[in-house]
Amino acid sequence: MSENQTSAAAAAGADAGEPLPIKAVPLRRPGRWIAAAVVVVLLALFVYGAATNEAFGWDVYGRYLFDRRITEAAWVTVQLTVMAMALAVVLGVIIAVMRLSPNPVLRSTAWGYLWIFRGTPVYVQLVFWGLFPSIYKSIDLGIPFVHQFVHIEVQGLEAAFLFAIVGLGLNEAAYMAEIVRAGVGSVNEGQTEASTALGMTWSQTMRRTVLPQAMRVIIPPTGNELISMLKTTSLVSAIPFSLELYGRQGDIAGANFQPIPLLLVAATWYLAITSVLMVGQYYLERHYSKGASRTLTARQLQALADAQGKPVVIEPSTGTLPDAPGGERK
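Residues numbered from 1 in each chain as written. Predicted model: local features only at pLDDT ≥ 70, side-chain atom pairs only at ≥ 80, totals over all residues. Heavy atoms only, no water.

### Quick word on the overall build of the chain
A count of helices and strands for the chain gives 13 helices and 2 strands. Taking the contacts inside the chain whose residues are at least 6 apart along the sequence as the reference set, 67% of them involve residues at least 24 apart. Total accessible area on the chain stands at roughly 21,600 Å², and carbon and sulfur atoms take up 65% of it. (Helix = DSSP H or I, 4+ residues; strand = E, 2+ residues; numbered from the N terminus. Contact = heavy atoms within 4.5 Å. Areas by Shrake-Rupley, 256 points an atom, 1.4 Å probe, with all protein chains shown as cover.)

### Focus: the environment of Leu 91
Note on placement: Leu 91 falls in helix 4 (residues 68-100). For the pair Leu 91 and Glu 172, spaced 81 residues apart in the sequence, the C-alpha separation amounts to 9.1 Å.

### Quick word on the side chain of Gln 281
You can see Gln 281 is positioned in helix 12 (residues 259-288). A relative accessible area of 12% means that Gln 281 is categorised as buried. Ignoring anything within four residues of it in the chain, the contact list for Gln 281 reads Pro 220, Gly 223, Asn 224 and Ile 227. (Buried < 20%, exposed > 50% of the residue type's maximum accessible area, 1.4 Å probe, protein only.)

### Describing the UniProt feature "transmembrane region" (unreviewed entry) in the chain
Cross-referencing UniProt, the feature "transmembrane region" (unreviewed entry) maps to residues 33-53, 73-98, 110-132 and 260-284 in the present numbering. Secondary structure within residues 33-53 divides into 95% helix and 0% strand; the distance between the first and last C-alpha atoms comes to 30 Å. The straight-line gap between the two end C-alpha atoms of residues 260-284 is 36 Å; of that span, 100% is helix and 0% is strand. (UniProt positions renumbered as here; feature names shortened; annotations may be inferred.)

### A closer look at the packing of helix 9 (residues 189-197) against helix 10 (residues 202-232)
Running from N to C, helix 9 and helix 10 cross one another at 155°; their axes reach a closest spacing of 10 Å. The orientation of helix 9 with respect to helix 10, classified from their angle, is roughly antiparallel. Helix-helix and strand crossings are classified by hand; for helix 9 and helix 10 the assignment is right-handed. Residue-level contacts link Gln 191, Thr 192 and Ser 195 of helix 9 to Thr 205, Thr 209, Val 210 and Gln 213 of helix 10. In terms of residue class, the contact of helix 9 with helix 10 is made up of 1 nonpolar, 6 polar and no charged. (Axes fitted to C-alpha atoms, helices over the stretch in contact; angles between N-to-C directions. Parallel < 35°, antiparallel > 145°, perpendicular 65-115°, else oblique. Left-handed = near helix turned anticlockwise from the far one by under 90°. Nonpolar A, V, L, I, M, F, W, Y, C, P; charged D, E, K, R; others polar.)

### A short note on the pattern of salt bridges
This model, assessed by the stated rule, comprises 5 salt bridges. Note that Arg 181 and Glu 178 form a salt bridge whose closest N and O atoms lie 2.8 Å from each other. With Arg 181 and Glu 178 both in helix 8 (residues 160-185) and 3 residues apart, this pair spans about one turn of that helix. Here Arg 181 falls in the partly exposed class, since its relative accessible area comes to 31%. Between Arg 248 and Asp 251 there is a salt bridge whose closest N-O contact spans 3.9 Å. (Salt bridge = Lys/Arg side-chain N within 4 Å of Asp/Glu carboxyl O.)

### Observations concerning the layout of surface pockets
Roughly 200 Å³ of internal volume is contained in the largest pocket. The wall of the largest pocket is formed by Leu 100, Val 184, Val 187, Asn 188, Glu 189, Thr 192, Trp 202, Thr 205, Met 206 and Val 210. Elements with a contribution of two residues or more to the lining of the largest pocket: helix 9 and helix 10. The greatest single-element share of the lining of the largest pocket, amounting to 4 residues, is contributed by helix 10. Of the residues in the lining of the largest pocket, the class split is 6 nonpolar, 3 polar and 1 charged. (1 Å grid on protein atoms, 1.4 Å probe; cavity = no way out; pocket = protein on both sides within 12 Å on 5 of 7 lines; lining within 4 Å. Points joined across faces, edges and corners; volume = space filled by probe spheres on them.)

### Details of helix 4
Its 33 residues give helix 4 an end-to-end C-alpha distance of 48 Å, which sits within 8% of 48 Å, the value for a rise of 1.5 Å per residue. With a side-chain oxygen positioned 2.9 Å from the backbone nitrogen of Arg 69, the residue opening helix 4 is Asp 67. (Expected span 1.5 Å × (residues − 1). Polar contact = N/O pair within 3.5 Å; in protein donor to acceptor, adjacent residues only side chain to side chain.)

### Notes on unusual backbone geometry
The peptide bond linking Ile 239 to Pro 240 adopts the cis configuration, its omega dihedral lying at 5°. Among the structural elements, Pro 240 can be located in the loop between helix 10 and helix 11 (245-256).

### Notes on the packing of helix 5 (residues 104-119) against helix 8
Contact pair helix 5 / helix 8: the axes reach a minimum separation of 9 Å and the direction vectors enclose 120°. The orientation of helix 5 relative to helix 8 falls into the category oblique. Between helix 5 and helix 8 lies a crossing of left-handed hand. Residues Tyr 113, Leu 114, Phe 117 and Arg 118 of helix 5 form the contact with helix 8, whose participating residues are Leu 170, Asn 171, Ala 173, Ala 174, Tyr 175, Ala 177 and Glu 178.

What follows is the structure, given as structure tokens:
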């Protein structure tokens, strides 16, 4: 169609009361291309400099990356992270419930726990757990001054791994308690009132109504705390415990006098494990965020179509139902 014909068609459309067609011009953003070019150049220079720098010892890095001692230490680090985090989650939920309890004794006890474990550095706490056998040489369980059921010689225990789990878990529980408390506070008070109207006790309301709904808010920061716990395991050398990743690479570096490539090996394994945890966090967040947005799942769309007895029209760009006039949903 020629330009004269196009102008004639536009004039005819205007006479008919129709709006004129919009001539869309794409917005040019030269700043993005310049910024991308600068980043690529800087990254290339960094990679080239690192590859040609003999101080990094890439041959040593490749030799120890999958060394049996390193892989075993990485597995110990994963075990330490999972067990300490499991202890922290269980204690965190208990402490959060205690803080929200109407019982003033439970509230005061929970506040005191948070005050101590959040107010002192985790490294200092781990040092105390390392000195635990010197502080308490033995533990007696039983009725005080009457009968002793169990006697444990603490100094004879080789329980550095157990002390590391307890030390990390108790410290992390203080932070998990605040995360759980914030998640519980995000649940609408009407949910609690409805549960009370149904005859549920306070504990039943927390267990059956509030906590399941609070998971959508609790999961994201919990995933961040899990990743932080993975990196905090490098501090358990204060106990002392050196069978985890950071401690093992330090032992090897002390023997071959190559600390830089061994640190790169440890950093690579930390990054790999963290990446796996981030993927798991993503799918867990997506599971608990169902129903929190306007996007419907395939099962929900099929149920809606069966209920209406006709196909459901979906916006292709957003995957949501289009808005009908008057704010109703089609």
